[in-house]
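Architecture at a glance
Here's the letter readout for the chains.
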Amino acid sequence: MIGGCRLISQIKPIVESLLQPFLDENSFELVDVEYVKEGSNWFLRVYVDKEGGIDIDDCGRISEFLSEKLDEKDPIPTAYFLEVSSPGAERPLKKVQDYHKAVGQHVFVTTYEPVDGLKEFEGMLLSFDEQTVVVEIGKKKHEIPYNKVASARLAIVF
């Protein structure tokens, strides 16, 4: 299984390298790539966005391009389902740029260990300086060290 784990960790950068030139050329942003097993099936999921949002036609073009490239290179030895979609309204914050773009928006952040006695923070992202994520909950500001963030995403306020 060690070889299998190594293969799984190599798939994301391979897919990114195959896809990035096409995305750059067409003003798309690669949000994330996942290669996961669910039940007995493997799924290669690619989340893409663009200014103003992505639509079904965009997903189809990206899927067609990536499918052709994957068929040429054949980097994945097992059968899998390819899914290309929008990251959704509660888009994950994966890259430093994602945090910068999310300043002023409502976010949900989890941490590896408690910060200010909490491991979950849902509120307004006030600032991000690549060292500290500042989230305001109510009137209280929480300064979360970036290296303690386990996950973060935009959050919808109802």
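That block above? That's the structure.
Description of the structure in this document. Not measured: the values here are computed from a predicted model. (Residues numbered from 1 in each chain as written. Predicted model: local features only at pLDDT ≥ 70, side-chain atom pairs only at ≥ 80, totals over all residues. Heavy atoms only, no water.)

Description of the pairing of strand β1 (residues 29-38)
The pairing of β1 with strand β2 (residues 41-49) spans nine bridges and is antiparallel. Across the sheet, the residue bridging to Val36 is Phe43, located in β2. In this antiparallel pair of consecutive strands, β1 and β2, the connection spans two residues, and Gly39 shows a positive phi of 65 degrees. (Pairing = 2+ DSSP bridges. Helix = DSSP H or I, 4+ residues; strand = E, 2+ residues; numbered from the N terminus.)

Structural notes on the sheet that holds strand β3 (residues 81-85)
Taken in spatial order, the three strands of this open sheet run β1-β2-β3, and their pairing is mixed. Each of the sheet's edge strands pairs with one partner strand only, and the pair in question is β1 and β3. Each neighbouring strand pair of the sheet contributes to a mean axis angle of 15 degrees, computed without reference to strand direction. With five bridges connecting them, β2 and β3 associate as parallel partners. When the bridges of β3 are listed, Phe43 appears paired with Phe81. The sheet strands contacting helix α2 (residues 56-73) are β2 and β3, and the helix crosses β3 at an angle near 145 degrees. (Axes fitted to C-alpha atoms, helices over the stretch in contact; angles between N-to-C directions. Contact = heavy atoms within 4.5 Å.)

Here's the deal with the sheet that holds strand β4 (residues 106-115)
With antiparallel pairing, the five strands of this open sheet are ordered in space as β7-β6-β5-β4-β8. Each having just a single partner strand, β7 (140-145) and β8 (149-154) make up the two edges of the open sheet. Averaged over all neighbouring strand pairs, the angle between strand axes comes to 40 degrees, with direction disregarded. In the sheet, β4 pairs with strand β5 (residues 118-128) via six bridges, with the strands oriented antiparallel. Bridged to Val107 within β5 is Gly123.

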